[in-house]
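This is what each chain is made of:
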Amino acid sequence: MKFQPAVLALAFAFVVSFHAAAPALAQDAVRDLTIVAPAAPGGGWDQLARAMQQALRSGSLTRSVQVVNAAGAAGTIGLARFVNSEAGNPDALLVTGLVMVSGIAMNRSPVTLADVTPLARLIGEYEVVVVPASSPFRSLSDLVAAFRANPGAISWGGGSAGGTDEILVRLLAQRVGIEPTAVNYIAYSGGGQVLASVLGGHVSAAVSGLGEFSAHIESGELRALAISAPAPVAAAGIPTFIEQRIDVSLLNWRAVVAAPGISRTERRELEDLLRRMAASAGWKLTLQRNGWADLYMEGAAFERFLTDETARVAALVASSGPRKGGSGYPTFVLLGGLVATLAVIARGIRERRTLLRAGQRVPTSVSAPTSANAASLALMAIALVVSVVLMNVAGFLLSSTVTFALAARAFGSRRIARDVIAGAVLSAIIYVAFTRGLGVTLPQAPFG
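Rules behind the numbers
Residues numbered from 1 in each chain as written. Predicted model: local features only at pLDDT ≥ 70, side-chain atom pairs only at ≥ 80, totals over all residues. Heavy atoms only, no water. Helix = DSSP H or I, 4+ residues; strand = E, 2+ residues; numbered from the N terminus. Buried < 20%, exposed > 50% of the residue type's maximum accessible area, 1.4 Å probe, protein only. Contact = heavy atoms within 4.5 Å. Areas by Shrake-Rupley, 256 points an atom, 1.4 Å probe, with all protein chains shown as cover. Polar contact = N/O pair within 3.5 Å; in protein donor to acceptor, adjacent residues only side chain to side chain. Pairing = 2+ DSSP bridges. Right-handed = clockwise from strand over helix to strand, strands pointing away. pLDDT = per-residue confidence, 0-100. Salt bridge = Lys/Arg side-chain N within 4 Å of Asp/Glu carboxyl O. Axes fitted to C-alpha atoms, helices over the stretch in contact; angles between N-to-C directions. Nonpolar A, V, L, I, M, F, W, Y, C, P; charged D, E, K, R; others polar. Left-handed = near helix turned anticlockwise from the far one by under 90°. Patch = residues over 30% accessible without salt bridge, like charges linked within 9 Å, V, L, I, M, F, W, Y side chains within 5 Å. Core = buried A, V, L, I, M, F, W, Y, C linked by side-chain atoms within 4.5 Å. Arc of directions from axis to C-beta.

Considerations on the overall build of the protein
Then comes step 1: Counting its regular elements, the protein contains 16 helices and 10 strands.
Then comes step 2: Of all 448 residues assigned to the protein, the portion counted as buried reaches 44%.
Then comes step 3: Summarising the internal contacts of the protein: among those between residues at least 6 apart in sequence, 74% fall at separations of at least 24.
Then comes step 4: Counting every atom, the protein has about 22,000 Å² of accessible surface; 61% of that belongs to carbon and sulfur.

Printed below as a string of structure tokens:
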């Protein structure tokens with residue numbers, strides 16, 4: 001048959017074309033990506049997520065990429081949600097970095113980076129100290145002089161407590177002879193809030209990555225006083241701390257991880273995708289524009305790096321001792337006590353009105369709200385004290401159970417066993433919701 005050679009040639013060409021196209025098909029297996037930035041819009045993690053989105057789109061490496069923000073607790077809330085909701089999903093990525101490692105250690109988060117799939121470290125960024133253009137501080141020496149004269153009068157705006165921004169401020173304080181605990185540091189959940197606070201003059205100075213402030217530095221709205229690089233950065237044009245005779249340098253690294261439970265093949269596809277993104281012209285232009293250092297690292301080397309960083313930061317947090325101000329829990333207790341006290345007083349008023357409407361004599365015990373409920377108010381005060389004292393001694397579950405039972409007694413309940421059981425159940429529900437659902441650590445008993 002004369003057409004046989006032509007058919008064979010066509011078949012051969014098809015097979016060759018298929019095998020040539022096969023690698024591209026495998027590389028593009030991840031079609032629709034979701035990148036989670038565990039911070040509010042405008043921050044460093046958000047900027048990195050959106051830079052990745054742009055690079056992946058412009059390089060036609062994926063069909064679609066969306067960025068989702070999940071702010072709170074130095075990224076640990078976003079981490080907990082990511083681990084719990086995206087397990088096994090090969091199309092979900094999470095931006096992480098040094099701040100999250102610190103947040104996990106500080107918050108004693110039950111969810112850690114050991115619960116995700118490491119992919120690659122992408123960039124490093126130097127920190128910058130800025131002030132509003134209208135600020136009286138024209139140089140770092142001006143700011144440091146005022147800082148030394150009255151540490152509490154100088155407010156510093158930055159990212160999550162314990163993160164890179166706060167670390168830099170406390171390093172600066174140590175170098176210029178100021179007790180780190182005297183630092184007036186105001187933590188925000190994202191770079192956008194930090195930017196708004198410094199532009200609005202709500203803080204004396206602000207600290208964040210260069211990329212977060214660069215546009216406003218160029219426009220003249222902000223004045224950059226120092227950059228945390230160990231050597232001059234020509235592209236930035238900002239004097240380093242070291243050049244200004246203050247021995248401070250710090251590099252904030254950022255990375256990306258995948259969801260837990262994905263297969264080895266899916267992990268290799270994601271690593272290949274990031275490798276191609278990092279090699280693209282668009283990504284290199286992004287690095288240059290934002291002043292980011294290319295710190296690309298993947299595979300076993302990145303896993304070892306994460307392990308080492310986790311141990312290093314955990315040791316730093318442990319050696320720093322309790323943080324000034326401690327837990328915010330007593331504040332919530334006092335607010336709750338105020339509400340409960342008002343409720344007790346309101347109950348006395350209602351009782352008095354009910355008796356008056358019925359034409360009955362009002363007993364002395366309810367003749368005035370303050371005296372009528374003296375016992376209830378005293379019991380509520382005891383409940384608050386018990387809650388605060390027991391919290392760090394016996395943990396959240398036991399202290400909350402006791403507090404609930406005492407509060408119920410203050411409101412007139414006489415069923416102690418029932419109140420204890422109800423308090424224990426309610427405390428357990430709250431504990432699970434916060435620790436498992438939100439990744440927020442609540443105090444545990446020393447033996448728990």
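With respect to the side chain of E309
Then comes step 1: In this structure, E309 sits in helix α11 (residues 299-320).
Then comes step 2: For E309, a relative accessible area of 9% puts it in the buried group.
Then comes step 3: A distance of 2.7 Å separates polar atoms of two side chains, one belonging to E309 and the other to W253.

Concerning the pairing of strand β1 (residues 32-37)
Then comes step 1: The element β1 is largely enclosed, with a buried count of 5 among its 6 residues.
Then comes step 2: The pairing of β1 with strand β2 (residues 64-69) spans 6 bridges and is classified as parallel. When the bridges of β2 are listed, I35 appears paired with V67.
Then comes step 3: A crossover links β1 with its parallel partner β2, the connecting element being helix α2 (residues 44-58), and its sense is right-handed.
Then comes step 4: Relative to strand β3 (residues 92-97), β1 is paired through 3 bridges, and the arrangement is parallel. Looking across to β3, one finds that V36 is bridged to L94.

Looking at unusual backbone geometry
Then comes step 1: Positioned with a positive phi, R108 is a non-glycine residue whose angle comes to about 50 degrees.
Then comes step 2: Relative to the assigned elements, R108 resides in the loop between α4 (98-107) and β4 (117-132).
Then comes step 3: The phi dihedral of R245 falls on the positive side, at around 65 degrees, and the residue is not glycine.

Focus on the confidence of the model for the protein
Then comes step 1: Scored by pLDDT, the protein has a mean of 80; 71% of the residues are at 70 or more.
Then comes step 2: pLDDT under 50 marks residues 5-29. Its contacts with residues more than four places away, or in other chains, come to 7 contacts.
Then comes step 3: Residue range residues 321-333 is modelled with pLDDT below 50. Its contacts to residues more than four positions away, or to other chains, number 15 contacts.

As for the environment of T62
Then comes step 1: Mapped onto the elements of the fold, T62 is located in the loop between α2 and β2.
Then comes step 2: In this structure, the C-alpha to C-alpha distance between T62 and R31, residues 31 residues apart in sequence, is 5.0 Å.

Notes on the pattern of salt bridges
Then comes step 1: Within the structure shown, the criterion is met by 10 salt bridges.
Then comes step 2: Here D46 makes a salt bridge to R50, at a shortest N to O gap of 2.9 Å. Highlighted residues: D46 and R50, both in helix α2, separated by 4 residues, approximately one helical turn.
Then comes step 3: When the shortest N-O distance is used, the salt bridge between E271 and R267 registers 3.4 Å. Taken together, the residues span about one helical turn, with E271 and R267 both in helix α9 (residues 264-279) at a distance of 4 residues.
Then comes step 4: Each of D272, R275, R276 and E298 takes part in one network of salt bridges that share partners.

With respect to the environment of I262
Then comes step 1: The topology assignment puts I262 in the loop between β9 (251-258) and α9.
Then comes step 2: Residue classification places I262 among the buried positions, given a relative accessible area of 13%.
Then comes step 3: Taking the C-alpha atoms as reference points, I262 and N89, 173 residues apart in sequence, are found 6.5 Å from one another.
Then comes step 4: Apart from residues no more than four positions distant in its own chain, I262 is found in contact with G88, N89, P90, T117, R267 and L270.

Examining the packing of α9 against helix α10 (residues 281-290)
Each pair of packed helices gets described by two things: the angle between the helix axes and the distance between those axes.
Then comes step 1: α10 packs onto α9 with a crossing angle of 65 degrees between their chain directions and a minimal axis gap of 5 Å. Packed against α9, whose contacting residues are M277, A278 and A279, the element α10 presents A281, W283 and K284 at the interface.
Then comes step 2: Among the residues making up the contact of α9 with α10, the classes are represented as 5 nonpolar, no polar and 1 charged.

Quick notes on the packing of helix α7 (residues 191-199) against helix α8 (residues 210-219)
Then comes step 1: Running from amino to carboxyl end, α7 crosses α8 at an angle of 35 degrees, the nearest separation of the two axes being 10 Å. Of the two possible hands of crossing, α7 and α8 adopt the one that is right-handed. Contacts between α7 and α8 involve G191, V194, L195 and L199 from the former and E212, F213 and H216 from the latter.
Then comes step 2: When the residues that make up the contact of α7 with α8 are grouped by side-chain class, the tally is 4 nonpolar, 2 polar and 1 charged.

A short note on the environment of T34
Then comes step 1: Of note, T34 is situated in strand β1.
Then comes step 2: When the C-alpha atoms of T34 and V65 are compared, they prove to be 5.7 Å apart, with 31 residues separating the residues in sequence.
Then comes step 3: Discounting chain neighbours no more than four positions away, the residues touching T34 are Q66, V68, D91, A92 and L93.
Then comes step 4: At 3.1 Å, the side chain of T34 and the side chain of Q66 are in polar contact.

Topic: a nonpolar patch on the surface
Then comes step 1: Taken together, the side chains of F404, L426 and I430 present a nonpolar region at the surface, about 220 Å² in accessible area.
Then comes step 2: We classify L426 as partly exposed; its relative accessible area is 40%.

Side note on the nonpolar core
Then comes step 1: By size, the foremost hydrophobic cluster in this structure holds 56 residues, and its most contacted members are M52, L79, L93, L122, M277 and W283.
Then comes step 2: Here this core takes 7 residues from α2, the largest share from any one element.
Then comes step 3: If we ignore the near neighbours within four places in the chain, the residues touching L122 are L48, M52, R254, A255, V256, M277, W283, A293, D294, L295 and Y296.
Then comes step 4: Listed in part, the 25 residues of the second largest apolar core include V144, I178, A205 and L225.

Here's the deal with helix α5 (residues 140-149)
Then comes step 1: Listed as buried for α5 are L140, L143, V144 and F147. Relative to the axis of α5, the buried residues are bounded by an arc of 95 degrees and lie together on one face. Among the exposed residues of α5, those oriented more than 90 degrees off its buried face are S141 and A149.
Then comes step 2: On its buried face, α5 is in contact with β4, β5 (155-158), α6 (164-175), β7 (205-209) and β8 (222-227).

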